[in-house]
Amino acid sequence: METIPFIKLALHEVHRSLIREVKDLPPEQMNYRPALEANSINFLVWHVARTEDSVFQRISPGAIASTIWETEQWYEKFGLDASDSGTGFTASQVEAFDPEMDLLLAYCERVFVTIMEGLDQMTQANLEEVPNPDRAHITKAHMIQSILIGHGYSHLGEVRTIKGLQGMPFGR
């Protein structure tokens, strides 16, 4: 299998798995936090999509001026700031984060479709490019592997753990 189709397959699995885990959960299960400083499922799913949006904007082929979060003003729909990504959110910010399921899933889907379309434009040579000359050891392929795929799977594991703590199985 070629690299780009493999990346698309891996990202599809992260996306499909996250959606399957949450699509039928009621708000109280989406907002459950096993400890005061823990994240909710709602927050984790949004944070994965928001991070994917941000990272792919920086590494995509062609010139994407900004994230869809900004250009399509999703931040307004979520009641957040354009710069918000979830990184560094306080416990009270996580607790207050409670979007409607339809909005959350729509943003996740929009980000996923944008990334799949962008990957269709990528080449092997693009994957080997270094986006930041000050960090010459980090290629676009490395960013996709560690941030888009690795980060996504890490948070998928957290979602499944939080579901398990609530007595729910993970989706199949």
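Please read these numbers as outputs of a predicted model, since none were measured by experiment.

**Student:** It is not clear to me how empty space enclosed by the protein should be interpreted in this structure. Could you clarify?
**Tutor:** Which parts of space are left empty comes out when a probe the size of a water molecule is rolled across the atoms. Following the criterion strictly, the structure yields two cavities of 30 Å³ or more and no others. Considering only enclosed or pocket space, the largest cavity measures out at about 60 Å³ in volume. Around the largest cavity, the lining residues are Val-14, His-15, Leu-18, Ile-19, Val-45, Val-48, Ala-49, Glu-52 and Cys-108. Counting only elements with at least two residues in the lining of the largest cavity, the list comes to helix H1 (3-22) and helix H3 (41-59). Here the second largest cavity is characterised by a volume of approximately 40 Å³. Leu-11, His-15, Glu-52, Phe-112, Ile-115 and Met-116 are the residues that line the second largest cavity. Every element with two or more residues in the lining of the second largest cavity is listed here: H1 and helix H7 (101-120). Per-element tally for the lining of the second largest cavity: the top contributor is H7, with three residues. Residues belonging to the lining of the second largest cavity are distributed by class as follows: four nonpolar, one polar and one charged.

**Student:** It is not clear to me how helix H9 (residues 140-165) should be interpreted in this structure. Could you clarify?
**Tutor:** Along an α-helix, residues three or four apart share an orientation, since each turn contains 3.6 residues. With 26 residues, H9 extends 36 Å from end C-alpha to end C-alpha; this agrees with the ideal 38 Å at 1.5 Å per step. Helix geometry: H9 is bent most strongly at Gly-150, by close to 30°. Among all positions in H9, only Lys-140, Met-143, Ile-144, Leu-148, Ile-149, His-151, Gly-152, His-155, Leu-156, Val-159, Ile-162 and Lys-163 are buried. Elements in contact with the buried residues of H9: H1, H3, H7 and helix H8 (124-127). Gly-167, located one to two residues past H9, shows a positive phi value of around 80°.

**Student:** I'm lost on the side chain of Ser-17 in this one. Help?
**Tutor:** With respect to the helices, strands and loops of the structure, Ser-17 is situated in helix H1. On the basis of relative accessible area, Ser-17 is assigned to the buried category, the value being 4%. When near neighbours in sequence (up to four residues on either side) are disregarded, Ser-17 contacts Leu-156 and Arg-160.

**Student:** Can you help me understand the pattern of salt bridges in this one?
**Tutor:** Two side chains carrying opposite charge are able to pair once their charged atoms lie near each other. Inspection of the entire model under this criterion finds seven salt bridges. A salt bridge links Asp-120 to Lys-8, with the nearest nitrogen and oxygen atoms 2.4 Å apart. Here Asp-120 is found in helix H7, whereas its partner Lys-8 is found in helix H1, with 112 residues between them in sequence. For Asp-120, a relative accessible area of 47% corresponds to the partly exposed category. Between Arg-160 and Glu-21 there is a salt bridge whose closest N-O contact spans 2.8 Å. Here Glu-21 lies in helix H1 and Arg-160 lies in helix H9, a separation of 139 residues in the sequence. Looking at Arg-160, the relative accessible area reads 27%, which means it is partly exposed. Note on Glu-21: relative accessible area 2%, which makes it buried. Several salt bridges share partner residues, and in doing so they unite Glu-21, Arg-160 and Lys-163 into one network.

Quick notes on the rules
Residues numbered from 1 in each chain as written. Predicted model: local features only at pLDDT ≥ 70, side-chain atom pairs only at ≥ 80, totals over all residues. Heavy atoms only, no water. 1 Å grid on protein atoms, 1.4 Å probe; cavity = no way out; pocket = protein on both sides within 12 Å on 5 of 7 lines; lining within 4 Å. Points joined across faces, edges and corners; volume = space filled by probe spheres on them. Helix = DSSP H or I, 4+ residues; strand = E, 2+ residues; numbered from the N terminus. Nonpolar A, V, L, I, M, F, W, Y, C, P; charged D, E, K, R; others polar. Expected span 1.5 Å × (residues − 1). Bend = angle between axes of the 7 residues up to and from the residue. Buried < 20%, exposed > 50% of the residue type's maximum accessible area, 1.4 Å probe, protein only. Contact = heavy atoms within 4.5 Å. Salt bridge = Lys/Arg side-chain N within 4 Å of Asp/Glu carboxyl O.

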